[in-house]
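The chain contents come next:
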Amino acid sequence: MRVLSEYFKKLEQVGTGNLQPVYFLYGSDFYLKTTFIQEIKNVMVKQGIDRQYVTAKELRVSDLQQLLYGISLLQSRNFILIEEIKQMIPTVRKAFLKYLENPLETNILILTASVIEKRHEFLSKVSQSATTIYVNPPPDNEIPQWVERYVKKMKRHIEQDAIYTLIQMTGNDLNDLSNELEKLDLMLPEEDPITTESIMKSAGYQRTWTPEDLAESLGEKKREKAVTIAKNLINHGVSEAFINITLFHYLWNLRIIRDPRVEKGQQLTRTWRRDKYEKLLKASKQYSNADLARGIEAVLHADEDLKTTRGDSLTRLLLTVDKILG
């Protein structure tokens, strides 16, 4: 696992208690990022820690100095998470780079930036001064090896065919895959292998698809998954009108956050969970404005056809899915 091997190497070092004063989590994969942060927390909590979380955009120089040089009331190490460091204003960037020249051993500082920009001067300097871990989604061809590693950690075995069935039904998002594997671990008797049959059984009675799931699969541009969900929704009697409303609002939200003038995207789209909003941001980059306009028009036409013509709901929905994906 070329992309993931360095990540797991650093993760194992953290697990042994070998912590560095500054980590830079560079990339957009929610699962890899949160897993690494949680492992640092697990190690530090044994020692007692003060936790502080900020978004870089909120920082001013005085705030930064208090954050980095403030004394812990518990006389323990400070766990400091600064998210999206690219949003730091110039004066804060200058002070921050100065701190990175000689970071305090009493702090464990975790920095994040979701978009990798090799030519960005500030991000490049931070990457050179910190322990940088790339947390972008791994290539599809490395997902099966990640699944094997995850299952081995659960002290189970998974059949080779079952791995590809799992990926086909769940997708290649590590967070979704880990959730599905944990469900299987709870469902199966201890030490039983994970088989294609057990995955199909789990998907059959544990997976309850919703119109929101269909929207997210379109945001990920996963045609096969979208078709599977669409069939499931119609076969279970979910209202076609409700599906269209959900798709319309989803595509409209993507258009909103694609606008560079938008600053309060979470508020405007009413997406309060950070992981959900990160998925929405990622999805917005999969489509152009013209793509989204075409998709919204397709949904509106589908809703009009539903009210004015007779026809098969599944066929109508699948045509809409195809028009959205282009």
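Fair warning: this is a prediction, and the values are worked out from it, not measured in the lab.

Caption draft 1: Local environment of the overall build of the protein. Within the protein, the secondary structure is distributed over 16 helices and five strands. Projected onto its principal axes, the C-alpha coordinates of the protein cover approximately 70 × 55 × 35 Å. Buried residues in the protein amount to 45% of all 326 residues. Partitioning the contacts of the protein with sequence separation of at least 6, the portion at a separation of at least 24 is 76%. Surface summary for the protein: the accessible area is close to 17,900 Å², and the carbon and sulfur share equals 50%. If the 46 positive side-chain charges of the protein are averaged to one point and the 44 negative ones to another, these points end up 5 Å apart.

Caption draft 2: Geometry of the side chain of Asn78. Within the secondary structure, Asn78 sits in strand β3 (residues 77–83). According to the relative accessible area criterion, Asn78 is buried, its value standing at 4%. Here Asn107 takes part through its side chain, which lies 3.1 Å from a polar atom of the side chain of Asn78.

Caption draft 3: Summary view of the confidence of the model for the protein. In this model, the protein carries an average pLDDT of 87, and 94% of its residues clear a pLDDT of 70 or more. Summarising per-element confidence for the protein, the mean pLDDT is lowest in helix α9 (residues 196–206) (71) and highest in strand β1 (residues 22–26) (96).

Caption draft 4: Here's a closer look at the packing of aromatic side chains. Under the definition given, this model contains ten aromatic pairs. When the ring of Tyr7 is compared with that of Phe36, the centres are 5.8 Å apart and the planes differ by 55°; the resulting orientation is tilted. Highlighted residues: Tyr7 in helix α1 (residues 2–15) and Phe36 in helix α2 (residues 30–45), separated in sequence by 29 residues. For Tyr7, a relative accessible area of 2% translates into the label buried. When the ring of Tyr31 is compared with that of Trp146, the centres are 5.6 Å apart and the planes differ by 90°; the resulting orientation is edge-to-face. Remark: Trp146 occurs in helix α6 (residues 143–153) and Tyr31 occurs in helix α2; sequence separation between them is 115 residues. An aromatic cluster is built from Tyr7, Phe8, Tyr23 and Phe36, whose rings are joined through pairwise contacts. Lys221 extends its terminal NZ or CZ atom over the ring of Tyr287, reaching a point 4.5 Å from the ring centre.

Caption draft 5: Fine view of the nonpolar core. Residues Phe36, Ile40, Trp146, Val147, Leu181 and Ile194 are the most contacted members of the largest nonpolar core, which totals 39 residues. Going through the elements one at a time, α1, β1, α2, β3, β4 (107–113), α6, α7 (160–170) and α8 (174–187) are the ones with two or more residues in this core. With seven residues, the top contributor of residues to this core is α2. In contact with Ile40, not counting residues within four places along its chain, are Val14, Tyr23, Phe79, Ile108 and Ile110. With 27 residues, the next largest nonpolar core counts Trp209, Ala230, Tyr287 and Val321 among its residues.

Caption draft 6: Spotlight on helix α11 (residues 223–235). End to end, α11 covers 18 Å across 13 residues, agreeing with the expected 18 Å (1.5 Å per residue, within 8%). Residues Lys225, Ala226, Ile229, Ala230, Leu233 and Ile234 constitute the buried set of α11. Angular distribution of buried residues about the axis of α11 spans 160°; they occupy a single face of the element. Exposed and oriented more than 90 degrees from the buried face of α11 are Glu224 and Asn235. Taken from the residues just after α11, Gly237 is the one with a positive phi, measuring 75°.

Caption draft 7: Up close: the pattern of salt bridges. On inspection of all chains with the given rule, the structure shows 15 salt bridges. A salt bridge links Glu101 to Lys98, with the shortest nitrogen-to-oxygen separation between them at 3.5 Å. Of this pair, Glu101 and Lys98 both sit in helix α4 (residues 90–101), separated by three residues, roughly a single helical turn. For Lys98, a relative accessible area of 56% corresponds to the exposed category. Within this structure, Asp176, Glu216, Lys225 and Lys279 form a network of salt bridges that share partners.

Caption draft 8: Molecular detail of unusual backbone geometry. Positive phi, normally seen in glycine, also occurs at Glu191, with a value near 75°. Along the polypeptide, Glu191 turns up in the loop between α8 and α9. Even without glycine at this site, Lys221 takes up a positive phi of about 60°. Among the secondary structure elements, Lys221 is positioned in the loop between α10 (211–219) and α11. Classification of Lys221 as partly exposed rests on a relative accessible area of 36%.

The rules behind each value
- Residues numbered from 1 in each chain as written.
- Predicted model: local features only at pLDDT ≥ 70, side-chain atom pairs only at ≥ 80, totals over all residues.
- Heavy atoms only, no water.
- Helix = DSSP H or I, 4+ residues; strand = E, 2+ residues; numbered from the N terminus.
- Buried < 20%, exposed > 50% of the residue type's maximum accessible area, 1.4 Å probe, protein only.
- Contact = heavy atoms within 4.5 Å.
- Areas by Shrake-Rupley, 256 points an atom, 1.4 Å probe, with all protein chains shown as cover.
- Lys, Arg positive; Asp, Glu negative; His and termini not counted.
- Charge placed at Lys NZ, Arg CZ, Asp CG, Glu CD.
- Polar contact = N/O pair within 3.5 Å; in protein donor to acceptor, adjacent residues only side chain to side chain.
- pLDDT = per-residue confidence, 0-100.
- Phe/Tyr/Trp six-rings, centres within 6.5 Å; stacked < 30°, edge-to-face > 60°.
- Lys NZ or Arg CZ within 6 Å of the ring centre and 35° of its normal.
- Core = buried A, V, L, I, M, F, W, Y, C linked by side-chain atoms within 4.5 Å.
- Expected span 1.5 Å × (residues − 1).
- Arc of directions from axis to C-beta.
- Salt bridge = Lys/Arg side-chain N within 4 Å of Asp/Glu carboxyl O.

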